[in-house]
Amino acid sequence: MEILKVEHLSKVYGTGENQIHALDDVSFSVESGQFIAIIGPSGSGKSTLLHILGGVDRPSAGKVFLNGQDVFAQNENQLAIFRRRQVGLIYQFYNLIPVLNVTENMTLPVLLDGRAVNRARLDELLDTLGLKGREQHLPSQLSGGQQQRVSIGRALMNAPAVVLADEPTGNLDSKNSQEIMALLRQSNRKYGQTLIVITHDENIALQANRILAIEDGRMVRDEVIR
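Every value quoted in this text rests on a predicted model; they were computed, and no experiment measured them. (Residues numbered from 1 in each chain as written. Predicted model: local features only at pLDDT ≥ 70, side-chain atom pairs only at ≥ 80, totals over all residues. Heavy atoms only, no water.)

With that settled, the discussion passes to the pattern of salt bridges. Oppositely charged side chains are able to pair whenever their charged atoms sit close together. Evaluated as defined, the whole model comprises 14 salt bridges. For Lys-5, the salt bridge identified is with Glu-7, shortest N-O distance 3.4 Å. In this structure Lys-5 comes out as partly exposed when scored by relative accessible area, which is 33%. Of the charged contacts, one joins Asp-113 and Arg-84 as a salt bridge, the two residues approaching to 3.0 Å between their closest N and O atoms. (Salt bridge = Lys/Arg side-chain N within 4 Å of Asp/Glu carboxyl O. Buried < 20%, exposed > 50% of the residue type's maximum accessible area, 1.4 Å probe, protein only.)

Structure, rendered in structure tokens:
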């Protein structure tokens, strides 16, 4: 079943001679439950694409549909709710709130929505992510790998339709990188969540079901791996 559809997506920054075409007529679709790796050189438009898919940035032209919904037909308030409920975003630098503990950081999207925390899901995620016993720790009391686990937990807390990860292992050593990717793959399989990962790591890309390659803002490769 198709969960994500991108139609003729373009993004232009600046005006006149200072224009930068970050994305140029990008189109593709994604089936529910797929693991997609997006690769390409620095400055190719990978992160811009991910931000638009997550509703963090708006396209200059084109459309994005998630579960048949036109993402950018929504107003800003609707878009904020969409980001919290439908998309899990994971970044390289964790983006945790330093004054909030593990549990508070993980449940923040739910609390911002004014909804009750699903304790069973929280406990399951804490257990799966190896964070049991660290619920009251602040980010400064955690290792880099543990902070990224909290970031993953926050992204998964609302059971989003799509998980978007921008170089999620780029700030970690080899051991932690492998563990983080194993956790993301486990979530992908266990919950059937669609996973889209930007990576420079060929080993990570080869774990995906499909590889999309971007150069100079254009899609230059769309290869099914498995």
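The next point concerns the environment of Phe-65. Relative to the elements of secondary structure, Phe-65 occurs in strand β4 (residues 61-66). Note: C-alpha distance between Phe-65 and Gly-170 (105 residues apart in sequence) is 29 Å. Aside from chain neighbours lying at most four places away, what touches Phe-65 is Ile-3, Leu-4, Lys-5, Glu-7 and Asp-70. (Helix = DSSP H or I, 4+ residues; strand = E, 2+ residues; numbered from the N terminus. Contact = heavy atoms within 4.5 Å.)

Rolling a probe over the atoms, with the probe sized like a water molecule, indicates the empty space that remains. Size it by volume and the largest pocket reaches roughly 400 Å³. Every residue lining the largest pocket is counted, 16 residues in all, and those nearest its centre are Arg-83, Arg-84, Leu-89, Pro-109 and Arg-154. Counting residues per element, the ones that place at least two in the lining of the largest pocket are α2 (76-86), β6 (87-90), α3 (102-112) and α5 (144-156). Taken together, the residues of the lining of the largest pocket sort by class into 10 nonpolar, 3 polar and 3 charged. (1 Å grid on protein atoms, 1.4 Å probe; cavity = no way out; pocket = protein on both sides within 12 Å on 5 of 7 lines; lining within 4 Å. Points joined across faces, edges and corners; volume = space filled by probe spheres on them. Nonpolar A, V, L, I, M, F, W, Y, C, P; charged D, E, K, R; others polar.)

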